[in-house]
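Structural description and commentary
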Amino acid sequence: MKNFINHVLDFVYPRICVSCEDPLTFNEKHLCLGCLMTLPKTQSHLTETESIERKFWGKINVQNTYSFLRFTKKGKVQNILHALKYKNKPELAEYLGKMYGNELKNVNFNEKIDLLIGIPLHKEKLKMRGYNQADHIAKGLSVSLGVPYSEDVMVRNTFTMSQTKTKSRFNRFKNIEGVFGINDLEAVKDNRIALVDDVLTTGSTLEVAGEVLIEAGCKELYIITLAAAV
Ligand SMILES: [Zn+2]
C-alpha cells in the first residue's frame, strides 16, 4: 500500500534528479542512475591530487585534503551543491556524506581521525537556512565511518567573513581574526580532526577554521569537502 501511495505521489508530484532535473524513478533517491554512475569523482583519497592538496600548502599544516567531486561552473555538481545549500535538502547532504564516507572507509580513513566537525554557520544564518549543510555532510560521513561528529565544538562568531581585496595575508588574517571560536577545548586537544565543508574553492574559510583548531591543540588536521573547484 505504501509503495502504491509513493507511486501515486511520484506521478502527481514528480521528484526530480538534483543534478540533471529529469524525473526520478520510484527507486531513485536524489540522483538519477545516469548521474549517479557518472559523478565526476576526484579520487583524491586514492591518488595524490596536487590541485586539491596545494590549496593549503604553506598555509596550514593539513595531513591531507580529500574532495569527493570535481566542481565546474554550470556543471552537474554545481546543481547538486546548490540544491543541498538552498533547496532545503539536508537529507541530500547526509546522503552524499554517507556515500563519500563509504569510499573513505575503504581506505581505512576511519582509523585516522577521532572527530568530524562541519564548518559552522553563524546562528543568524542558520536560522535563515534552517540547517547547516556542512553539519549534515559530517553526519553522513560519521554514519559510514563510525567516527563521531560534533555540531557544537566550534562556533562562528561573525555574520559574514569579510573578504578583503588585499593580497596581504597578514591583513587578511587580521580581518578574519575571531571569526571562529572553540566551545569545547577538551574535544579538540590532542585529537585528530577532520574539518568538513561542502565545497573547496579558495580554501580561505577552511584555512582560518583549521588554524583555530590547530591553535587549540588539535593533533592532526584533515580537510574533507564534497566538491572541489579544480
Ligand atoms: Zn540526473
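One can find the structure itself at the top, above this paragraph.
Predicted, not measured: the structure shown is a model, and the values here were computed from it. (Residues numbered from 1 in each chain as written. Predicted model: local features only at pLDDT ≥ 70, side-chain atom pairs only at ≥ 80, totals over all residues. Heavy atoms only, no water.)

What about the packing of aromatic side chains?
Enumeration according to the criterion identifies three aromatic pairs in this entry. Aromatic side chains Tyr 66 and Phe 109 sit 5.4 Å apart centroid to centroid with 90 degrees between the ring planes, which places their arrangement in the edge-to-face category. Highlighted residues: Tyr 66 in strand β1 (residues 64-70) and Phe 109 in the loop between α5 (90-106) and β2 (115-118), separated in sequence by 43 residues. Each member of the pair, Tyr 66 as well as Phe 109, is classed as buried. Geometrically, the ring pair formed by Phe 68 and Tyr 100 is stacked, given 4.6 Å between the ring centres and 20 degrees between the ring planes. Residue Phe 68 is located in strand β1, and its partner Tyr 100 is located in helix α5; the two are separated by 32 residues in the primary sequence. (Phe/Tyr/Trp six-rings, centres within 6.5 Å; stacked < 30°, edge-to-face > 60°. Helix = DSSP H or I, 4+ residues; strand = E, 2+ residues; numbered from the N terminus. Buried < 20%, exposed > 50% of the residue type's maximum accessible area, 1.4 Å probe, protein only.)

Structural notes on the coordination of the zinc ion
Around the zinc ion, the donor atoms from the protein are Cys 17 (SG), Cys 20 (SG), Cys 32 (SG) and Cys 35 (SG), and they sit 2.3 Å away. Between the four donor atoms coordinating the zinc ion, the angles at the centre fall across 103 to 118 degrees, so the site counts as tetrahedral. Going along the chain, you hit the donors of the zinc ion in the pattern C-x2-C-x11-C-x2-C. Placement of Cys 17 in the loop between α1 (2-12) and α2 (33-37) and of Cys 35 in helix α2 is noted, with a sequence separation of 18 residues between them. For Cys 17, a relative accessible area of 0% corresponds to the buried category. A relative accessible area of 3% places Cys 35 in the buried class. (Donors = N, O, S within 2.8 Å, 3.2 Å for Na, K, Ca; no water. Tetrahedral: all angles 85-135°; square planar, octahedral: opposite > 155°, others 65-115°.)

Observations regarding a negative patch on the surface
A cluster of acidic residues, Glu 151, Asp 152, Asp 184 and Glu 186, forms a negative patch at the surface. On the secondary structure map, Glu 151 appears in the loop between β3 (149-150) and β4 (154-156). (Patch = residues over 30% accessible without salt bridge, like charges linked within 9 Å, V, L, I, M, F, W, Y side chains within 5 Å. Areas by Shrake-Rupley, 256 points an atom, 1.4 Å probe, with all protein chains shown as cover. Salt bridge = Lys/Arg side-chain N within 4 Å of Asp/Glu carboxyl O. Lys, Arg positive; Asp, Glu negative; His and termini not counted. Charge placed at Lys NZ, Arg CZ, Asp CG, Glu CD.)

Structural notes on the pairing of strand β6 (residues 192-200)
In terms of burial, β6 is largely enclosed, as eight of its nine residues are buried. Two strands pair when backbone bridges link them, and β2 and β6 are joined in this way by four bridges, in the parallel orientation. Bridge pairing links Leu 115 to Ile 193 in β6. Across eight bridges, the pairing between β6 and strand β7 (residues 220-228) is parallel. Each bridged residue has a counterpart across the sheet, and for Val 196 the counterpart in β7 is Ile 224. One crossover worth recording links β6 to the parallel β7 by way of helix α10 (residues 204-215), and it is right-handed. (Pairing = 2+ DSSP bridges. Right-handed = clockwise from strand over helix to strand, strands pointing away.)

Observations regarding the sheet that holds β1
Read across the open sheet, the five strands follow the order β1-β7-β6-β2-β3; overall the sheet is parallel. The sheet terminates laterally at β1 and β3, the two strands that pair on one side only. Sheet strands in contact with α5 are β1 and β7, and its direction is about 125 degrees off that of β1. Packing of helix α7 (residues 133-145) onto the sheet brings it into contact with β2, β3, β6 and β7, and relative to β6 it is tilted by some 125 degrees. (Contact = heavy atoms within 4.5 Å. Axes fitted to C-alpha atoms, helices over the stretch in contact; angles between N-to-C directions.)

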